[in-house]
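Commentary on secondary and tertiary structure
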Amino acid sequence: MKKRLLLAFSLLVTGAQAQSPDSVTIRKIYNEVLTNSPSYEWLRHLTQKIGPRLSGSEGAQKAVDWTKQLMEQQGFDRVFLQEVMVPHWVRGAKEVAYIQNGNQKITVPIAALGGSVATPAKGIEAQVIEVKSFQELRDLGTGKVKGKIVFYNRPMDPTKLNTFEAYAGAVDQRGNGATEAARLGAVGTIVRSMTTALDDNPHTGGMRYATGVPLIPAAAISTNGAERLSKMLKDNPGLTFYFKQNCETLPDAKSYNVVGEIKGSEKPDEIIVVGGHLDSWDIGQGAHDDGSGCMQSIEVLRALKALGIKPKRTLRAVMFMNEENGLRGGIGYADYAKKNNENHIAAVESDNGGFTPRGFGIVGTPEQRAKAIAWKPLLAPYGLHEIGAGSGGADIGPLAQLGTVLFGFKPDSQRYFDFHHAGIDRFEGVNKRELELGAASMAALVYLLDQHGL
Ligand SMILES: [Zn+2]
């Protein structure tokens, strides 16, 4: 093609695109959210006025009541609760830990892992065996592990550009470390915090016990603490580690998913979900994880309504309960959908932090993916370049078995694990514009899903 002709052609294409109803509407969605969104102030209330929201806690119940009220105030067609029973684990008094190296006693920051048992009331003190993998632990065998505290110290791989991949490559130590160590007679486990940052914040998170294996206490140690312990062990493999924690699992508690709905005008039986999880860990405020995703999800419905967009299909904002230590809300939501014969065509989840949007991961058939990928020219001008096969989200995961296509909102991942499950996951860590851009991105996708289906 001649150069001038090419220029004319590309002008024509851009011009045509700028005029397409979809691109005009998406521009309006961004304008609305970036100008009028209350989502940042909502997040302030959720994180600072309500605070941490671990399943079964008073904070979790307050968050249920408040988000229900908030969605009612938005004038959505229907707001309702879905009852679910959730695990009720409590941390108890703050943990204590130190390294005893001869006469030297060095206090280190730890946090009990969610679901862990307590130590005996006077704490546990034992020699430490450091490993980087379960294989290394098994190779050591009972002889070297029995009676000791196993210290898992394999860092998240810093060379992974997507930090979620680095997390996935290290989190087995947190999830199954206690069971693997207990099989060989260990008395406790300490795991290096799941973060690429070197700092003094222990990062908690879920862990599981296997049946038939002794339940031994498990805690996360800050990365600086882990580095220090590892270095000292090299000089003195005979040093001891002391820790004391007071956590406890109480009987399951009654809780709820909170759902806000705008009824579809043409195909009300086809449902599109956008959601995040309302529960959070107890040591921060659950700002990035996942107050952001919840507020963004409500903002999606608010913004579309404010623009006078009447969706063809039924749209739901869902605040899932108990993602962190049980997933009962996500499982329960899919159970209700199945029982009520609901047809969920798509679900979008935001649970990767309130950072600058990059795109969406898709779980669906190649044909369904191709349809969504074809919308890329409409979304790329807003920084959404990464649209393709990926992961959806933990809470919406159970909907896949009903044939729902899943979309995981993908913000930039570089700073997420600085905050994840740590005391510093607080309101101040979330940037207003980044939060709003995420909400607008999700609203744009929901709009396209509603207009064109899959
Ligand atoms: Zn989360």
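The present account deals with the structure reproduced in this document. Predicted, not measured: the structure shown is a model, and the values here were computed from it.

**Focus: the environment of Gly330**
Looking at the element boundaries, Gly330 is found in helix α10 (residues 328-339). Given a relative accessible area of 1%, Gly330 falls into the buried group. For Gly330 and Met194, which are 136 residues apart along the polypeptide, the C-alpha to C-alpha distance reads 24 Å. The residues contacting Gly330, other than those within four sequence positions of it, are Phe320, Met321, Asp395 and Pro398.

**Thoughts on the sheet that holds strand β14 (residues 357-363)**
Taken in spatial order, the eight strands make up an open sheet running β1-β10-β12-β11-β13-β16-β14-β15, and their pairing is mixed. Whereas interior strands pair on both sides, the edge strands pair on one side only; in this sheet they are β1 (78-90) and β15 (386-389). Neighbour-to-neighbour, the strand axes of the sheet open up by a mean angle of 20°, direction not taken into account. Across eight bridges, the pairing between strand β11 (residues 267-277) and strand β12 (residues 313-320) is parallel. Across the sheet, Val274 pairs through a bridge with Ala317, a residue of β12. Its contacts with the sheet place helix α9 (residues 287-306) against β10 (248-262), β11, β12 and β16 (405-411), and it is angled at close to 145° to β11. Contacts between α10 and the sheet are confined to β1, β10, β11, β12 and β13 (343-349), with β1 contributing the most and set at about 140° to the helix.

**Remarks on the coordination of the zinc ion**
Coordination of the zinc ion by the protein comes from His277 (NE2), Asp289 (OD), Asp351 (OD) and Asp351 (OD), over a distance range of 1.8 to 2.8 Å. Each of the four donor atoms bound to the zinc ion contributes to angles spanning 51 to 146°, and the resulting shape is irregular. Between the donor residues of the zinc ion, the gaps in sequence give the motif H-x11-D-x61-D. Linking Asp289 in helix α9 with Asp351 in the loop between β13 and β14, this pair joins segments that are 62 residues apart in sequence. On the accessibility criterion, Asp289 (3% relative accessible area) is buried. Of the residues examined, Asp351 reaches a relative accessible area of 12% and is grouped as buried.

**Things to note about the pairing of strand β7 (residues 188-192)**
Most of β7 is tucked away: five of the five residues are buried. Residues Gly188, Ile190 and Arg192 of β7 are buried on one face, and the alternating residues Thr189 and Val191, pointing to the opposite face, are buried as well. Pairing between strand β6 (residues 149-152) and β7: four bridges, direction parallel. Directly across from Ile149, in β7, lies its bridge partner Gly188. Here β7 pairs with strand β8 (residues 218-221) via four bridges, running parallel. Its bridge partner being in β8, Val191 is matched across the sheet by Ala220.

**Considerations on the sheet that holds strand β2 (residues 96-101)**
The strand order β3-β2-β9-β5-β6-β7-β8-β4 describes an open sheet built from eight strands, whose pairing is mixed. Two strands lie at the open edges of the sheet, namely β3 (104-107) and β4 (110-112), each paired on one side alone. Each strand axis lies, on average, 30° off the axis of its neighbour in the sheet, ignoring direction. Lying on the sheet, helix α5 (residues 134-145) is in contact with β5 (124-131) and β6; it crosses β5 at an angle near 140°.

Definitions and cut-offs
- Residues numbered from 1 in each chain as written.
- Predicted model: local features only at pLDDT ≥ 70, side-chain atom pairs only at ≥ 80, totals over all residues.
- Heavy atoms only, no water.
- Helix = DSSP H or I, 4+ residues; strand = E, 2+ residues; numbered from the N terminus.
- Buried < 20%, exposed > 50% of the residue type's maximum accessible area, 1.4 Å probe, protein only.
- Contact = heavy atoms within 4.5 Å.
- Pairing = 2+ DSSP bridges.
- Axes fitted to C-alpha atoms, helices over the stretch in contact; angles between N-to-C directions.
- Donors = N, O, S within 2.8 Å, 3.2 Å for Na, K, Ca; no water.
- Tetrahedral: all angles 85-135°; square planar, octahedral: opposite > 155°, others 65-115°.

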